Amino acid sequence: MKRLTDRRALVTGAGSGIGRATAIRLAEEGAWVLATDVTDGVDETVRLVAEAGGRAVAARLDVSDDGAVEAMVARAVSEGGGLDFVHANAGISGNLFNVLDVPMEEWSQVLNVNLMGTVHTVTHAARYMKSNGGGSIVCTASVAGLRAGAGPSPYSASKAAVINLVQTAAVQLSGTGVRVNAICPGLIETGMTQPIFDYARANDRMDRVGQLNPTRRAGQPEEIASVVAFLASDDASYLNGQAIVVDGGLSSSHPFIRGQLF
Ligand SMILES: NC(=O)c1ccc[n+]([C@@H]2O[C@H](COP(=O)([O-])OP(=O)(O)OC[C@H]3O[C@@H](n4cnc5c(N)ncnc54)[C@H](O)[C@@H]3O)[C@@H](O)[C@H]2O)c1
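Just so it is clear, the structure is predicted and the values come from calculations on it, not from any experiment.

Enquirer: Summarise the overall build of the protein; cite the residues concerned and give the values.
Expert: Across its full length, the protein carries 7 helices and 7 strands. Helices and strands in the protein line up, N terminus first, as β-α-β-α-β-α-β-α-β-α-β-α-α-β. By the compact-globule yardstick of 18 Å for 262 residues, the protein fits well, its C-alpha radius of gyration being 18 Å. A sequence separation of at least 24 residues applies to 70% of the contacts in the protein between residues at least 6 apart.

In structure tokens, the structure reads:
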């Protein structure tokens, strides 16, 4: 069943990984998609959407540029005839510094993309949706935004802020018909994490990747996209202001040594 027929969607960071998989999944479910990214990867995304029988348009967008995001929302509305769903997904991991050694420029860069890029996207999308009968917004946060141990400090802080932004936005958009939710992926094989997977495959260590979660493997972008498509759809019509964790069960447990407890 196609749940998103005739819906209009905007995806940021759609040139790779989770954003690309989301663009394809939304289009497979019947949506028209404006697939945006700071790189040319969106051209390949649009080609893949067409190959899957869907409709998508590619556009370059740096989410840290507020004016550019505002213009892109306007473009989605004019080209798509409206805007029903936005996936604020673009993000960068930053570098692996100890918290005491993070250069201040690194903090600025990561927060500018991950937090402010999401702020820009949510603000302009919600403004339009509020005055046009509602819509659904999903922001990509991370398990790194829930607690330590899944990324560098600026990255983790940016994702914690995204989770809180989703909560405050959902509450302050009360009564407008706009739902705002976050997804918190665990370890997913994408451009961002490719070095981990390349190293593990080259060294015959794939059994170690994702070994700490009870599903005992890493996730694929399509396993996040399917949850995003659900949140975009009317199947999630009563789901609002939540951070949905999609991590194979990683965050369900305190750390323990396998074999000692059971
Ligand atoms: N891969 C994981 O394990 C994982 C886990 C949790 C959360 N996430 C989050 O998922 C989201 C997508 O990342 P991914 O894993 O698919 O990685 P990815 O690197 O494959 O995709 C991220 C995309 O965002 C784009 N991007 C970066 N900066 C941008 C900017 N300023 N403006 C517009 N686009 C920009 C990149 O060009 C890239 O296409 C990110 O927010 C990331 O933090 C990823």
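Let's pick the thread back up.
Enquirer: How would you summarise the site of the ligand if you had to cite specific residues and measurements?
Expert: With respect to spatial proximity, 30 residues lie near the ligand, and among them G13, G17, G91, T190 and G191 are the closest. No other element matches helix α1 (residues 17–28), which puts 3 residues into the shell around the ligand.

Enquirer: Which residues make up the sheet that holds strand β7 (residues 243–246), and what values do they have?
Expert: The strand order β3-β2-β1-β4-β5-β6-β7 describes an open sheet built from 7 strands, whose pairing is parallel. Across the chains shown, the open sheet's two edge strands, defined by having one partner strand only, are β3 (55–60) and β7. Strand-to-strand twist of the sheet, defined as the mean angle between neighbouring strand axes without regard to direction, takes the value 20 degrees. Relative to strand β5 (residues 135–140), strand β4 (residues 85–88) runs parallel, the two being bridged by 4 bridges. Bridge pairing in β5 links A88 to C139. Against the sheet, helix α2 (residues 41–51) touches β2 (32–37) and β3, its axis set at about 180 degrees to β3. Contacting β5, β6 (178–185) and β7, helix α5 (residues 153–172) runs over the sheet at an angle of about 160 degrees to β6.

Enquirer: Talk me through helix α4 (residues 104–130); I want residue IDs and the actual numbers.
Expert: Taking 1.5 Å of rise per residue, 27 residues should cover 39 Å, and α4 covers 36 Å from first to last C-alpha, within 8% of that figure. Largest kink in α4: about 40 degrees, centred on N112.

Enquirer: Tell me about α5, residues and numbers included.
Expert: Between its first and last C-alpha, α5 extends 28 Å over 20 residues, near the 28 Å set by a 1.5 Å rise per residue. Residues P154, Y155, S156, S158, K159, V162, L165, V166, A169 and A170 constitute the buried set of α5. Contact partners of the buried residues in α5: α4, β5, β6 and β7.

Enquirer: Describe in detail the pairing of β7, supporting the description with residues and values.
Expert: Alternating residues of β7 divide into A243 and V245, all buried, and I244 and V246, none buried. Across 4 bridges, the pairing between β6 and β7 is parallel. Across the sheet, A182 pairs through a bridge with A243, a residue of β7.

The rules behind these values
- Residues numbered from 1 in each chain as written.
- Predicted model: local features only at pLDDT ≥ 70, side-chain atom pairs only at ≥ 80, totals over all residues.
- Helix = DSSP H or I, 4+ residues; strand = E, 2+ residues; numbered from the N terminus.
- Rg over C-alpha atoms; globule rule 2.2 N^0.38 Å.
- Contact = placed C-beta atoms within 7 Å.
- Near = placed C-beta within 6 Å.
- Pairing = 2+ DSSP bridges.
- Axes fitted to C-alpha atoms, helices over the stretch in contact; angles between N-to-C directions.
- Expected span 1.5 Å × (residues − 1).
- Bend = angle between axes of the 7 residues up to and from the residue.
- Buried ≥ 20, exposed ≤ 12 C-beta atoms within 10 Å, placed from the backbone.

Note that every value here comes from positions in space, so none of it alone points to a role or purpose.
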